[in-house]
Amino acid sequence: MAVTLHDYEEVVGSEVMDEIRTVASHVRHKSLQNINSTPVGGGVAEILTRMIPLLRELGVDASWDVIKGDEAFFNVTKSFHNALHGDDESISEKMLEVYRENTDANLRDMNFTGDVVMIHDPQPAGLILRKPEIGRQWIWRCHIDVSRPDLITWNFLKPYVEQYDAAIFSMPDFAQQLPISQYMIAPSIDPLSDKNKDLDQACVQKVLDGFGLNPERPILTQISRFDRLKDPLGVIRAYQLIKRHCDCQLILAGGAADDDPEGKEVLREVEEAAVDDADIHVLLLPPFSDLEINALVRGSTIVFQKSIKEGFGLTVSEALWKGKPVIGGAVGGIKLQIINGVTGFLVHSPEGAANRAVELLQNPDLRQKLGENGRRHVKENFLITRHVKDYMLLMLALDYPADRIVQLTAA
Ligand code: UDP
């Protein structure tokens, strides 16, 4: 059954929904076109899938288009992604040329229909070149941490970024010095999606059975694309240390994203590291495995997100919402979601992750307390209702560039 605004009211309350409706009534005359680089896989696609229908139900003409690119382009943009996160990548002039060529092709093929065009991440950032010709309001929505980037990559992207009307970052730590307005808007999860909605125990049980997991024994889980920055091998290392003290099973579940060409290789490395241990379950999930992922997390005792670098890390909120204690790398947006010792634990190494996991496995009350706190933290800060409101407020703010306060009246 389709989710309606009324269903959200039951989760966040009528006051929050009234406020959202009021803001929506002031931006309904504008269309919002989102453009990113993959229709499926990864956090951006996850958010847009849920947000577009919600905005439309609120009366905002929201749409979503995806750029095209050849294999070389996505290899280049994956290198950009790693380089912007500060990794050592050698970015050549040839690679920059591949980016320019693919940008030109997309500029030829795409229609820019939005009054507000929201471009997500670096892959489609070059589309701003159309702005002088067609006008409109352009927002660069950066989901990654560009605060300490590889300079060749950033100096290449910056002239594009500077042409936007505004940039959005997920947290202040991620931002850069820019001559345009910058907004801080954290991402969100949808509590009513298949990924996050309540499931009954029988459904959870069935999924665990299907994957050969024993619900009587503790289950540790990380849900992530097979990406080195998510540190799946570090999770296996932590699990091996935990296993010296406590019985447990490990799930590493992930899928591929169209714009991530490294996934296969990392999956191979993970499978190799897990080959001798029947308690490590490496699951390559097809797209749209949302109910399975929901059930795997609900069936878990502890959830890991042991990233070495991270954008926001939606998987953390997804787990906290389900009342799970999360052990996460102390990086990126994970630091917004895990309040150390309150909603989970922040760690810096496999050893640290293992120590915290053993502590949690030995202390069910602590697990429960962190889980309760985590759910509350997500409810107050990281649900889609807050996110939609922030985007609409930004659309509104763009119409009043000189005003610090915009007075709204109920519709
Ligand atoms: N995800 C999924 N299937 C997978 C692995 C991940 O649906 O096999 C989802 C995950 O539940 C989350 C999103 O993809 O909603 C990943 O977002 P996150 O911000 O954690 O990381 P990203 O992949 O964007 O770096």
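All figures in this text were calculated on a predicted structure; none of them were measured in a lab.

Visitor: It is not clear to me how the packing of helix H4 (residues 71-84) against helix H7 (residues 151-161) should be interpreted in this structure. Could you clarify?
Guide: When two helices pack together, their arrangement is captured by the angle between the axes and the distance separating the axes. Relative orientation of the contacting elements H4 and H7 amounts to 110°, with a least axis distance of 9 Å. In terms of orientation, H4 and H7 fall into the roughly perpendicular class. Touching Phe80, Ala83 and Leu84 of H4 are Thr153, Trp154, Phe156 and Leu157, all from H7. Here the residues of the contact of H4 with H7 are counted per class, giving six nonpolar, one polar and no charged.

Visitor: Sorry, what's going on with the packing of aromatic side chains here?
Guide: Geometrically, a pair of aromatic rings is defined through the distance of the ring centres and the angle of the planes. For the coordinates displayed, the defined rule picks out 11 aromatic pairs. Ring geometry for tyrosine 99 against phenylalanine 156: centres 5.4 Å apart, planes inclined by 85°, an arrangement best described as edge-to-face. With tyrosine 99 in helix H5 (residues 93-109) and phenylalanine 156 in helix H7, the pair connects residues that are 57 residues apart, well separated along the chain. Overall, the relative accessible area of 0% leaves tyrosine 99 in the buried class. By relative accessible area, phenylalanine 156 is classed as buried at 11%. Here tryptophan 138 and tyrosine 164 contribute two aromatic rings whose centre-to-centre distance is 6.3 Å and whose plane-to-plane angle is 75°, an arrangement assigned as edge-to-face. Linking tryptophan 138 in strand E4 (residues 137-142) with tyrosine 164 in the loop between H7 and strand E5 (166-169), this pair joins segments that are 26 residues apart in sequence. An identical accessibility class is assigned to tryptophan 138 and tyrosine 164; each is buried. Above the ring of phenylalanine 345, the side-chain terminus of arginine 356 is found at 3.9 Å from the ring centroid.

Visitor: Could you clarify how one ought to interpret unusual backbone geometry in this entry?
Guide: Phi is mostly negative for residues that are not glycine, and the peptide bonds are mostly trans. In the Ramachandran plot, aspartate 121 falls in the positive-phi region, its phi being about 75° despite a non-glycine side chain. Structurally, aspartate 121 can be placed in the loop between strand E3 (116-120) and helix H6 (131-134). Taking relative accessible area as the criterion, aspartate 121 reaches 10% and is therefore assigned buried. Phi at phenylalanine 288 is positive, roughly 65°, even though this residue is not glycine. With respect to the secondary-structure elements, phenylalanine 288 resides in the loop between strand E9 (280-284) and helix H11 (290-298).

Definitions and limits used
Residues numbered from 1 in each chain as written. Predicted model: local features only at pLDDT ≥ 70, side-chain atom pairs only at ≥ 80, totals over all residues. Heavy atoms only, no water. Axes fitted to C-alpha atoms, helices over the stretch in contact; angles between N-to-C directions. Helix = DSSP H or I, 4+ residues; strand = E, 2+ residues; numbered from the N terminus. Parallel < 35°, antiparallel > 145°, perpendicular 65-115°, else oblique. Contact = heavy atoms within 4.5 Å. Nonpolar A, V, L, I, M, F, W, Y, C, P; charged D, E, K, R; others polar. Phe/Tyr/Trp six-rings, centres within 6.5 Å; stacked < 30°, edge-to-face > 60°. Buried < 20%, exposed > 50% of the residue type's maximum accessible area, 1.4 Å probe, protein only. Lys NZ or Arg CZ within 6 Å of the ring centre and 35° of its normal.

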